[in-house]
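A look at the structure
Each chain is listed here by its residues.
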Protein chains: 4
Amino acid sequence: MAELQGFVFPRTATGRSSILPAPPWHYSGDLLTIEYRTDPERVIELLPDPIEPADDPGAVALVWADWQSCSDTFDELLDPVRAQYKEVFFVVRGRYQGEHVSRCVYIWVDKDYALVRGHYQGYPKKLGSIHLTRPVAYGKAGPRLEPGGRFGATLAAYDRRLAEARFTITGTADQGGFVNSHAMLHTRFLPAIEGAQAPPSLHELVTMKTVDVDAGPVYVGDADLTLFDVPGEEFGRLAPREMIGAYYRQVGATFVGGTTVHSYDD
Amino acid sequence: MAELQGFVFPRTATGRSSILPAPPWHYSGDLLTIEYRTDPERVIELLPDPIEPADDPGAVALVWADWQSCSDTFDELLDPVRAQYKEVFFVVRGRYQGEHVSRCVYIWVDKDYALVRGHYQGYPKKLGSIHLTRPVAYGKAGPRLEPGGRFGATLAAYDRRLAEARFTITGTADQGGFVNSHAMLHTRFLPAIEGAQAPPSLHELVTMKTVDVDAGPVYVGDADLTLFDVPGEEFGRLAPREMIGAYYRQVGATFVGGTTVHSYDD
Amino acid sequence: MAELQGFVFPRTATGRSSILPAPPWHYSGDLLTIEYRTDPERVIELLPDPIEPADDPGAVALVWADWQSCSDTFDELLDPVRAQYKEVFFVVRGRYQGEHVSRCVYIWVDKDYALVRGHYQGYPKKLGSIHLTRPVAYGKAGPRLEPGGRFGATLAAYDRRLAEARFTITGTADQGGFVNSHAMLHTRFLPAIEGAQAPPSLHELVTMKTVDVDAGPVYVGDADLTLFDVPGEEFGRLAPREMIGAYYRQVGATFVGGTTVHSYDD
Amino acid sequence: MAELQGFVFPRTATGRSSILPAPPWHYSGDLLTIEYRTDPERVIELLPDPIEPADDPGAVALVWADWQSCSDTFDELLDPVRAQYKEVFFVVRGRYQGEHVSRCVYIWVDKDYALVRGHYQGYPKKLGSIHLTRPVAYGKAGPRLEPGGRFGATLAAYDRRLAEARFTITGTADQGGFVNSHAMLHTRFLPAIEGAQAPPSLHELVTMKTVDVDAGPVYVGDADLTLFDVPGEEFGRLAPREMIGAYYRQVGATFVGGTTVHSYDD
């Protein structure tokens, strides 16, 4: 009999097959954040007890991110199919023990390790096909990071387009939005193999710790956003009523772990 | 505050966004099973306590499967991008409480819902690109399900080929192998958000229940198999020493749940 | 200096790199054909001189095909990622030298060799993501080839869904439609490197020869069809006004070449 | 009868369905160029009459490119799935009418419009899966464009890895290699529908015109390169004997057409 090794599955005698290496995980990438207000009831219905509604409860952030990420060996950066991925996610806000928290309610990525990493962190990830215009410094086939720069951003899954946005830089700002700026408070959940009528095998609220945050200027601008209704999705319930702002920023950060703040089976 | 619904994440007020519907899950597909013996120590090192070595402990099954699956609404069958997927998996045997069990130690699929469904069932799934020759009834571009029919099967991930096999039907048989024929005994595992040094948040042995098994003839034949060494994988430790047999069969079945047989944090 | 070899590019000293081997090309697959009538003017506007309008000029066939194909070595069938592909195509009818002809006006496939093979044959192929429910013989996750069997079929490209259809078998018939049943009359066209204002470098009408046709029963049924308007496509001009019929059939055939029937630069 | 419109196929009454818009085509992207010498006979065997061997005939450039491109409407940049693509290509040199020329002998891209655009320009394109590490300005998950910056680059097709390279910046230079720096001299070739025994329908040598070239600094460095032998490819005949140099550069350019310099059927 063996003592199996590995941060997650598949766990083996050596631990080398795990779909995820152990943290820390380093990230560098470009983020487009679009903030808007929706019907507050549609946000509040996504906040499980004991999370309470935030001030300005209808605020939503929809974020496109074009990442490279790697483990502490940095090996993935030399086999970039293992390092590059993109994601799109909806973030709302709540309040927990008197403090505002951010909470990802829908998210899509395009690689399996990023999917499982998200499930470990309480992100409810699905796979999608994601595109975001990249800024360029030379030639005519891309925007510059300066006023007038225009970007497109799209999300698709299962051969249907789910969302698309356009963004035009108008200037710079001191900060890049307020919805995705608090500590994340996520649910990790897995039903029992006996099914939904049994108590879940995993049901926790967790928060995460990020260090070594490094970021470029915040470019602000005008955005428009279209959400499509498709089977098996209900992000359309978060339809925009009023735009707040839009921000483009290049960032880096390192994930070093987190804390279980609530276990539902206590 | 909301009572969130949904079999798994993302959980919402309605439950409609869950990446997986609740069981039962129906399956119909074609399976190519190649059985062989490897170094028994390489199998035993993959059996966590309290699973004990099987008789004939070095026996391995490598299975290619080309599936359609759906929920009890059958809706996925009318949007086939949601119903069709392929998978490849290695199965070994152990013994638990005196009975032989089957255990999947490595597995790849090509859709997100199948990945998460596997994680729910304790299959250590990664994403891969999987192909299996299909039998045809007309024309020259495919084998017939009869002696002389030749099939190819491949597995790739992260832009590298991982495994390939060829199979030629020689006749029929009463049964299709013995390695993948016992009750499955799988590990469900997720580390704590605090990291690998903390006790895992989920660590169970589960078994599964399948009903309404429906299957066609077992076609037996000759197979050859090549496993490639690639970074991040170690299935090459299960290198064939001796072929046992190879089988092609069309099957149907319904998954209706399972039983938690051991919890490591008791 | 070398005498370059190879059926098409890249051409080399040995000819082994060609994206396409020389014919014959063998095909086996499943076809869903939906026939309907559209505004006849929308068909006639797609018929270049000297092709004349057909009788019943508004008839259109939209076909989903799930293929295996291979060269005369049959090697591709043992590496099925090289043999399996799917396609969707619109066919209309015209009249040439007094005879009815069939003409493919829009088509999508999911492999590069099939794309270039189509361009060689005058099919105006683009890449797409294509799915078609497969009939099964066992289990609940697929239709049987018998009355009541229900199929879904979808087409997507560039992260947008383009078309979807549903089909239910009601019985069998002697033949499977009349729109895609004549000799194909296709245009092979490539502008000069000098651009569109120069005479094209290639501008021909060709027809093709298929032998060893082998086919199963024709299953007829009811279908509904939805075409979506997307940028860069105009198949929506061929919107259905009246359904004619729908047919599912398993077929095999071998392409052995063709004949140039008209050269526009003569 | 219609006068069909469109730069290439599918050609229609409006011309809007063409897989390619008419030039000009704008490009912005990042290029990694690795130059080395192979057996000169392996290059000379790829030069069709009337192209003669170059001085230093064994020199080869292998280039990874991560592009955005668009038409003169710039619309593609706002739907980036239509603008972003990657390619890998081998370039050799020859001599034509006394002048050195560059010639692409093998190339892979990951989008259909780029594939057909290449065929129009005489690039012998196939589809592949291509990855190249991106430089970043923030965080730890990517190299900086400065000495010590390390990049990986990979190419795969049909579920097999074909080539991989690693590059480390050591400094800057005035120019970025000499193999891919001459006028391109490409073959446009398509056999007759009657087959390879008939005269080809298209057989030309063309050259191309690029304007508005805009480029950043040339970063030079050390590279290693691995080419894998796979079925259906023979780029392995161009195995490196001696490395010349490696260069990373961000560039922009606009393609405006070309000139037919030789027609083989004259």
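Residues numbered from 1 in each chain as written. Chains lettered and ligands numbered in written order. Predicted model: local features only at pLDDT ≥ 70, side-chain atom pairs only at ≥ 80, totals over all residues. Heavy atoms only, no water.

**Here's the deal with the overall build of chain A**
- When helices and strands are tallied, chain A shows 2 helices and 13 strands.
- In summary, chain A has a C-alpha radius of gyration of 19 Å against a globular reference of 18 Å for 266 residues, a match within 12%.
- The buried share of chain A, reckoned over its 266 residues, is 63%.
- Excluding contacts between residues fewer than 6 apart, the proportion of contacts in chain A whose partners are at least 24 apart in sequence is 67%. (Helix = DSSP H or I, 4+ residues; strand = E, 2+ residues; numbered from the N terminus. Rg over C-alpha atoms; globule rule 2.2 N^0.38 Å. Buried < 20%, exposed > 50% of the residue type's maximum accessible area, 1.4 Å probe, protein only. Contact = heavy atoms within 4.5 Å.)

**Quick word on the relation of the copies chain A and chain D**
- With an RMSD of 0.0 Å, chain A superimposes on chain D once it is rotated by 180° and translated 0.0 Å along the axis. What the rotation and shift describe, once combined, is the action of a two-fold rotation axis. Residue A:Arg134 of chain A places its C-alpha closer to the rotation axis than any other residue of that unit, at 5.7 Å.
- Looking at the interface residues of chain A, 100% of them are also at the interface in chain D, so both copies use one shared face. (Least-squares fit on C-alpha atoms with pLDDT ≥ 70 in both.)

**What about the pattern of salt bridges?**
Residues and elements named next belong to chain C.
- Under the definition given, this model contains 68 salt bridges over all chains.
- The salt bridge partner of Arg 37 is Asp 56, with a shortest N-O separation of 2.8 Å. Highlighted residues: Arg 37 in strand β1 (residues 25-37) and Asp 56 in the loop between β2 (52-53) and β3 (59-70), separated in sequence by 19 residues.
- The exposure class assigned to Arg 37 is partly exposed, which follows from its relative accessible area of 23%. (Salt bridge = Lys/Arg side-chain N within 4 Å of Asp/Glu carboxyl O.)

**A word on the environment of B:Glu146**
- With respect to the helices and strands, B:Glu146 occurs in the loop between β7 (129-132) and β8 (150-157).
- Sequence separation of B:Glu146 and B:Pro135 is 11 residues, and the distance between their C-alpha atoms is 9.6 Å.

**Some thoughts on the interface of chain A and chain D**
- Facing 44 residues of chain A, the contacting portion of chain D comprises 44 residues.
- Between chain A and chain D lies a buried interface of about 3400 Å² when both sides are counted; carbon and sulfur atoms form 53% of it.
- Summed over the shared surface of chain A and chain D, the number is 6 salt bridges.
- Measuring nitrogen to oxygen at the nearest pair gives 2.9 Å for the salt bridge that ties A:Arg161 to D:Asp79.
- For the pair chain A and chain D, the interface holds 22 residue pairs in polar contact (both at pLDDT 80 or more).
- Of all the secondary-structure elements, those providing two or more residues to the side of chain A that touches chain D are β1 (25-37), β3 (59-70), β7 (129-132), β8 (150-157), β9 (160-173), β11 (202-215) and β13 (242-263) of chain A.
- Its residues assigned to classes, the side of chain A that touches chain D comprises 19 nonpolar, 15 polar and 10 charged. (Buried area = accessible area lost by both parts, 1.4 Å probe. Polar contact = N/O pair within 3.5 Å; in protein donor to acceptor, adjacent residues only side chain to side chain. Nonpolar A, V, L, I, M, F, W, Y, C, P; charged D, E, K, R; others polar.)

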